[in-house]
Each structure stands twice: as C-alpha cells, then as structure tokens.
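Each chain, letter by letter, is given below.
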Amino acid sequence: MQQTRTRAADQTKFLLEESQLPRRWYNIRSDMPTALQPVLHPGTGQPVGPDDLAPLFPMELIGQEVSEDAEIAIPEEVLEIYRLWRPTPLFRAWRLEEAIGTRSRIFYKYEGVSPPGSHKPNTAVAQAFYNKKEGRTRLSTETGAGQWGSALAFACKLIGLECKVYMVKISYEQKPNRRSMIQAWGAEIVPSPSEDTQCGRAILEEHPDSPGSLGIAISEAVEDAAGRDDTAYSLGSVLNHVLLHQTVIGQEALAQMELAGAFPDAVIGCVGGGSNFAGLAFPFLREKFAGREIDVLACEPAACPTLTRGLFAYDFGDTSKLTPLVPMHTLGHDFVPAPIHAGGLRYHGDAPIICNLVKNGWMEAVAYPQGKVFEAAMQFARSQGTIPAPETAHAIRAAIDEALAAKEAGEERVILFNYSGHGLLDLSAYDAYLHGQLVDV
Ligand SMILES: Cc1ncc(COP(=O)(O)O)c(C=O)c1O
C-alpha cells in the first residue's frame, strides 16, 4: 500500500518540451583526461588525415571526427527532423522496482519512440544531412540486427538520398520484418556476404555458409562507397562523430533527472560499437570528470566480450582490412561471433573513445550470456510492459543486478539506463527463449 501510494503521488514519465531539445552535441574529447591515440593508415603507419577519409565521408563529418571543440551546433534541418520524436521520455521504472523488491530507484531513457524504433536515427539523420549538403546522392552501409539499416533508410528517405544496406546474413534471415522496413523506406538491401562486392564474393567462395558478421558487412559497404563518386559510406556506431550525434540522449536525460529530483549513482548502457551507451553516458561523464561520483557501466554479450576480454590493440575495423587501424579493445578483425539474437552487439571492436575510458578506469564493463539477458527482458516486459530489443536487454540485466546488489548491501541507489530500442521486430528471439531454444555461448 505504502509503495502504491508513493507511486500514485510521484511521477512516472519525465517529459521535456520541444523547445528544450538540445541545440548542440557534446564532444567528450574536449574533456577526456587521456588523449585519444590516432587512427593509423595501414600502409604508412601514419595517422590518417582528411584526404584519406574524403572518398568515404563528407568534410563536415571528417571535421567532427577530429574536433576537440566542446560543443558542436546541431543544424536546424536536423533539429526539424529530430522533433518528429525528440525529446524522448524518461521513465521511472516503479513496477520493475516492485518486481525486484528494491528500494533503489530505477530510471530509463526511452529511445524506442523514434520511427525506426531505436537511438540510431539520432546520427543517421545528421549523417544523411551532411552528405546531401556536400553533394553525395547515395549512401552505403552495413547493418546487424537491422536497426541501423532501417534508421539510415528512414533518414535517407526524409533527406532525399538513395541508400544501399548490406545486412549480416544471419539477421537477414532471423529478422525479415526489419528487411521490409528498410524496403518500405525505399532502400536497397542484400544479405552479407553478398555477390555484389569483391570481398563478399571472396568470403562466399571460402565459406559458402558464412552467417556474416558486422566486420564483413562493413567491408562490403566500404568497398561499395570507395568505388563510386556519388556514394559515401555511413557507419552506425564506433566513430567519434557518431557518438557525438548521440549525446542529445544524455543531455535530455540530465534535464529530466533534474525534473525527477535525482542524480544517478550508476549510468548503464549496452555496447555494440558504443553509440547508445556514449549518447547517454558522455554528458554524465562530463560531470564525473568534474568530480561527481558516478559508476558508469557498459554491458556486452558473453558471446562477443570485446571490452571484458578483448585485447587493447591497433586493429582493422572490418574483416577485409579496408579500414584504417583503430586503437581499441578487439577480439580480432576476423572474429565471427556466434549468431546470438542481439545482432547489434556482434562487433569485434568498440569505439576508441569508450576503449580509452575503460583502459583509463573511467568506466567498467560486464558481459552476460543471452539466457540471463532474456530473463531480464521478460521481467521488464512483465512489469513495465514494453518489450525491449535484445541489445537493450543487456542494459536491463545490469540495472536489475545493480538494484539487487544494492538491496543485498542495504543501500538505496539511483540507477539510470538507456533503453536503446524496442523489440517488437525481435519477437523470433522471444519465441526461441519461450520455447527453451536459446543457447548460451
Ligand atoms: C536497439 C539497439 N541497441 C544497441 C545497439 C548497439 O549499437 P551501439 O553500441 O552503437 O549503440 C544496437 C545496434 O544495432 C541496437 O539496434
């Protein structure tokens, strides 16, 4: 009764007005205590420069990639599209708290309200905008679970660009509805490895049954863009400018936590390449650099444990060694993760900024087998109602574990996690879980 009365008196959703949409992206590089190591040209071993990147990216994004300015203005045209779903709501997870029996307070930032259903369009729209502005007419990209491919297809349609998506074959087969979504927004889509590129054909020749991987799909999309003047390459995570664009999430969340009269003790996100995590966590890490105490936790699959078990080294971002050498935690560019359902977390590397922060002790990482992840997803769905993406469920697992540990220790913590996307197009994964067919890798 006590808890119910409290719940009725207190708020569940913390909403911002459209006028409160952040007008600048936050660039964490301006505040990082340890500078990033440069990305290297594999041929010369020298740092890559703008000329090396120009065949693949527009100059404005290359500028953002290396910028050390604290803030970068969001173009009005991008804000206008953001307003279709931003600011996104922040929720207090009362019912989950009750289900766990914790006195800790759990909040989550809900990015599932965007048209494609995840945080991904925060950068897709920006990338499409700059490419169009600089005269490109077509973008190529890879996608794992299909969230990124659908976000870029959506952004390209609204901005007015063509789009070609190389979708990791295992996800292409597991998630036909994401495929349809990508096609509904007018993009072309093929399973990767495909017959459309040299590297795809080479991999198929050696491994005709390859389930594909993000590393392979990136190789194909990069080869596609490098071979055509009208086409640029677009990456949905990992790169500095992608993480930058996602920081609208954390800036909004800071304002919303203030509305809730709370500040998080723990900030949590799942990590594939690191963009949704960065989006939420970087504006809070700014506070941590300034002296506030916050635990920052990245969650990844045990089947692809990049931050927890990878080596910190220079490695290629893709399988066919077409990208520069990136300083990051890596499982090896030829690592093909097992086909777990969180397709968006099956990447052998991670964003260099995040790896730098882990290496220097500013944040921690944890890995979970998918059975425990789906248990958490079910507990969430059965208390809060919404069905999370399998990727998001990693963050939910960690939030629940944080609350349980606090309960055990007799503490009350404030826990904030990023709900990076809904799982309504991932129901085949829930089917497998409900029929006892999920395998832990
Ligand atoms: C819903 C969702 N969350 C998280 C991720 C992981 O990507 P990132 O680490 O870049 O946020 C993905 C990637 O596809 C995703 O679709």
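Refer to the preceding data block for the structure.
Conventions we followed
- Residues numbered from 1 in each chain as written.
- Predicted model: local features only at pLDDT ≥ 70, side-chain atom pairs only at ≥ 80, totals over all residues.
- Heavy atoms only, no water.
- Helix = DSSP H or I, 4+ residues; strand = E, 2+ residues; numbered from the N terminus.
- Buried < 20%, exposed > 50% of the residue type's maximum accessible area, 1.4 Å probe, protein only.
- Pairing = 2+ DSSP bridges.
- Right-handed = clockwise from strand over helix to strand, strands pointing away.

Attention shifts here to unusual backbone geometry. Here the residue pair arginine 86 and proline 87 is connected by a cis peptide bond, since its omega of -10° sits within 30 degrees of zero. Here proline 87 is to be found in the loop between α4 (76–82) and β4 (90–92). For the bond from serine 192 to proline 193, the omega torsion is 5°, close enough to zero to count as cis. Among the secondary structure elements, proline 193 is positioned in the loop between β8 (188–192) and α10 (198–206). Located in the positive-phi region is valine 238, a residue other than glycine, with phi close to 70°. Its location among the elements puts valine 238 in the loop between β9 (231–233) and α12 (240–245). Owing to a relative accessible area of 9%, valine 238 belongs among the buried residues under this scheme.

In terms of burial, strand β7 (residues 162–168) is largely enclosed, as six of its seven residues are buried. Relative to β7, strand β6 (residues 138–143) runs parallel, the two sharing six bridges. Counterpart to arginine 138 in the pairing with β7 is glutamate 162. As for the winding sense of the linkage, the β-α-β connection from β6 through helix α7 (residues 147–159) to β7 is right-handed.

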